[in-house]
Amino acid sequence: GGGGGGGGGGGERGERDTITTYEVPKRRFESILLALVTGLTPSQASRLSLRFDVAGNGLCDAKRFSIMIERSDAWKACGQRLRVSRDRHNHRSRRGKSKSLSRE
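Residues numbered from 1 in each chain as written. Predicted model: local features only at pLDDT ≥ 70, side-chain atom pairs only at ≥ 80, totals over all residues. Heavy atoms only, no water.

Novice: What is the right way to read the packing of helix 1 (residues 26-36) against helix 2 (residues 42-52) from this model?
Specialist: When two helices pack together, their arrangement is given by the angle between the helix axes and the distance between those axes. Viewed as axis vectors pointing N to C, helix 1 and helix 2 meet at an angle of 130°, and their least axial separation amounts to 9 Å. Relative to helix 2, helix 1 is oriented oblique. As for the relative orientation of helix 1 and helix 2, their crossing is right-handed in sense. Residue-level contacts link K26, F29, E30, L33 and L34 of helix 1 to P42, A45, S46, L48, S49, L50 and F52 of helix 2. Counted by class, the contact of helix 1 with helix 2 contains eight nonpolar, two polar and two charged residues. (Axes fitted to C-alpha atoms, helices over the stretch in contact; angles between N-to-C directions. Helix = DSSP H or I, 4+ residues; strand = E, 2+ residues; numbered from the N terminus. Parallel < 35°, antiparallel > 145°, perpendicular 65-115°, else oblique. Left-handed = near helix turned anticlockwise from the far one by under 90°. Contact = heavy atoms within 4.5 Å. Nonpolar A, V, L, I, M, F, W, Y, C, P; charged D, E, K, R; others polar.)

Structure (structure tokens):
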């Protein structure tokens, strides 16, 4: 269902109390990195996995990794390129529609 917010009186456990884990086993995290990042060496993937194994328990914090990626200049530049591309596409689409809308 939809909507958030709302109440729940005293003591009731709701959706907000659910703990979502983003921990990924270290070896799995490394294999995902190697599959996604062109040119990344196994040694580099291992160093990254150590950086995100914040608890030292062999589990990498994928949420933390995601936040790092989203804050990176490369990610922001990619987002900017996608927005420009989308805007160009929307501009072209509107030009084609304006003729049919003007008949009404």
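Novice: Please explain the nonpolar core as it appears in this structure.
Specialist: It is characteristic of soluble globular proteins that their nonpolar side chains tend to be buried jointly. Core analysis: the largest hydrophobic core is formed by eight residues, namely V24, F29, L33, L40, A45, F52, C60 and F65. Those elements giving two or more residues to this core turn out to be helix 1 and helix 2. (Core = buried A, V, L, I, M, F, W, Y, C linked by side-chain atoms within 4.5 Å. Buried < 20%, exposed > 50% of the residue type's maximum accessible area, 1.4 Å probe, protein only.)

Novice: I keep staring at helix 2 and nothing clicks. Help me out?
Specialist: Side chains of residues three or four places apart in an α-helix project in the same direction, reflecting 3.6 residues per turn. Every buried residue of helix 2 is listed here: A45, S49 and F52. Buried residues of helix 2, viewed axially, fall in a sector of 65°; they line one side. Facing away from the buried surface of helix 2 by more than 90 degrees, the exposed residues are R47, L50 and R51. Where the residues of helix 2 are buried, they touch helix 1, strand 2 (59-61) and helix 3 (62-71). (Arc of directions from axis to C-beta.)

Novice: Help me understand a nonpolar patch on the surface, please; the structure alone is not making it clear to me.
Specialist: Together, I32, L36 and V37 make up a nonpolar patch on the protein surface, roughly 260 Å² of accessible area in all. Turning to its location among the elements, I32 is positioned in helix 1. Classification of I32 as partly exposed rests on a relative accessible area of 33%. (Patch = residues over 30% accessible without salt bridge, like charges linked within 9 Å, V, L, I, M, F, W, Y side chains within 5 Å. Areas by Shrake-Rupley, 256 points an atom, 1.4 Å probe, with all protein chains shown as cover. Salt bridge = Lys/Arg side-chain N within 4 Å of Asp/Glu carboxyl O.)

Novice: Is there a simple way to think about the packing of aromatic side chains in this case?
Specialist: One pair of aromatic rings is described through two measures. These are the centre distance and the angle between the planes. Going through the model one piece at a time under the given rule, you end up with three aromatic pairs. A ring pair is formed by F29 and F52, whose centres lie 6.1 Å apart and whose planes are at 50°; its orientation type is tilted. In this pair, F29 sits in helix 1 while F52 sits in helix 2, placing the two residues 23 residues apart along the sequence. Exposure remark for F29: the relative accessible area of 4% places this residue in the buried category. The buried category is assigned to F52, whose relative accessible area is 3%. An aromatic cluster is built from F29, F52 and F65, whose rings are joined through pairwise contacts. If you follow K63 out to its NZ or CZ, it ends over the ring of Y22, 5.5 Å from the centre. (Phe/Tyr/Trp six-rings, centres within 6.5 Å; stacked < 30°, edge-to-face > 60°. Lys NZ or Arg CZ within 6 Å of the ring centre and 35° of its normal.)

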